[in-house]
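A closer look at the structure
Given next are the chains, with one letter for each unit.
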Amino acid sequence: MSETSGTSGIRAADDKNDLRIYLQDARDALLWKLEGLSEYDLRRPLTPTGTNLLGLVKHVTGAEALYFGETFGRPFPEPAPLWFVGTTEPNGDLWARADEATEEIIGRYRRAWAHSDATVEALPLDAVGRIPVGDRPEQTLHRVLVHMIAETHRHVGHADLVRELIDGATGQRPDGANTAPGDEDWWQAHHDRVERAAREAGGLA
């Protein structure tokens, strides 16, 4: 299928643009969750499994480099390892060492997504790539885009929770909090109401 022939080509181009918009929305939201924080807060683990903000950025960087790079014969020119390839330590892509600069981690993510965007621009949605890991190696660019949208938005959800635990900040994007209006007292009352309902349902009231 050609993306430049007739009505089907216009439809394919529109589909590709829609997918790119949703992926970019997730990228932007993830980086926004890092804004205004100290080096400690960017790196501190907030769950028993060590979930942290910079680690999430490292992880999606590696994922983009893999899925839009080597998969389609367009390797990302910088090291962006994932724990399941090569000799990288397990979970090595999910946290930041003290000697890894925040600016470099964020900069590599931006360069990885620029490389991804170039792949998306260069290939039709039905182009088939070969993922170098896993048991379903052959995937279309369309499927890879859908996967990365889901993957990135999933990790934005993680970042939402981590950021709220750090300083209480919530919202999907700077221009719209998309949460109910209310001050600290309102939210505490809401929290308490949810807790009471949970205890009642669980026979703990």
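Read on for an overview of the structure. (Residues numbered from 1 in each chain as written. Predicted model: local features only at pLDDT ≥ 70, side-chain atom pairs only at ≥ 80, totals over all residues. Heavy atoms only, no water.)

Let's talk about the nonpolar core
With 20 residues, the main nonpolar core has Leu30, Leu34, Leu53, Leu54, Val57 and Tyr109 as its most contacted residues. Counting residues per element, the ones that place at least two in this core are helix H1 (6–32), helix H3 (53–68), helix H4 (102–122) and helix H5 (141–167). Ranked by residue count, the leading element in this core is H3, at five residues. Setting aside residues no more than four positions away along its own chain, Leu30 makes contact with Leu56, Val57, Val60, Tyr109, His155, Val156 and Ala159. Val120, Ile131, Leu145 and Ile149 belong to the second largest nonpolar core, which has 16 residues in total. (Core = buried A, V, L, I, M, F, W, Y, C linked by side-chain atoms within 4.5 Å. Buried < 20%, exposed > 50% of the residue type's maximum accessible area, 1.4 Å probe, protein only. Helix = DSSP H or I, 4+ residues; strand = E, 2+ residues; numbered from the N terminus. Contact = heavy atoms within 4.5 Å.)

Details of the side chain of His59
Position of His59 among the secondary structure elements: in helix H3. With relative accessibility at 11%, the residue His59 sits in the buried group. Setting aside its immediate chain neighbours within four residues, His59 contacts Leu82, Asp93, Leu94, Glu151 and His155.

Thoughts on the pattern of salt bridges
Applying the stated criterion across every chain, the model contains 16 salt bridges. Here Asp41 makes a salt bridge to Arg44, at a shortest N to O gap of 3.1 Å. The class for Asp41 is buried, based on a relative accessible area of 16%. Across the pair Glu100 and Arg97 runs a salt bridge whose closest N-O atoms are separated by 3.8 Å. Looking at Arg97, the relative accessible area reads 40%, which means it is partly exposed. Salt bridges sharing partners connect three or more residues here, namely Lys58, Arg97, Asp99 and Glu100. (Salt bridge = Lys/Arg side-chain N within 4 Å of Asp/Glu carboxyl O.)

Description of unusual backbone geometry
Peptide bonds are mostly trans, and most non-glycine residues show a negative phi. Its identity is not glycine, yet Asn91 carries a phi of approximately 65°, on the positive side. A residue is classified by how much of its surface remains accessible, and Asn91, at 38% relative accessible area, is partly exposed.

Section: the packing of aromatic side chains
Taken as a whole and assessed by the stated rule, the structure comprises two aromatic pairs. Both rings, one in Trp186 and one in Trp187, keep their centres 4.7 Å apart while their planes meet at 85°; by these two values the pair is edge-to-face. (Phe/Tyr/Trp six-rings, centres within 6.5 Å; stacked < 30°, edge-to-face > 60°.)

As for the packing of H3 against H4
Packed helices, taken two at a time, are described by the angle their axes make and the gap between the axes. At a minimum axis distance of 9 Å, the contact between H3 and H4 shows a crossing angle of 25°. Relative to H4, the element H3 is oriented roughly parallel. By crossing handedness, the relation of H3 to H4 is classed as left-handed. Contact with H3, carried on its side by Leu54, Val57, Lys58, Val60, Thr61, Glu64 and Phe68, involves Thr102, Ile105, Arg108, Tyr109, Ala112, Trp113, His115, Ser116, Thr119 and Val120 of H4 and no other residues of that element. Of the residues assigned to the contact of H3 with H4, the class counts are nine nonpolar, five polar and three charged. (Axes fitted to C-alpha atoms, helices over the stretch in contact; angles between N-to-C directions. Parallel < 35°, antiparallel > 145°, perpendicular 65-115°, else oblique. Left-handed = near helix turned anticlockwise from the far one by under 90°. Nonpolar A, V, L, I, M, F, W, Y, C, P; charged D, E, K, R; others polar.)

Description of the environment of Trp95
By secondary structure assignment, the location of Trp95 is in the loop between H3 and H4. Residue classification places Trp95 among the partly exposed positions, given a relative accessible area of 37%. A C-alpha to C-alpha distance of 7.8 Å links Trp95 and Thr51, two positions 44 residues apart in sequence.

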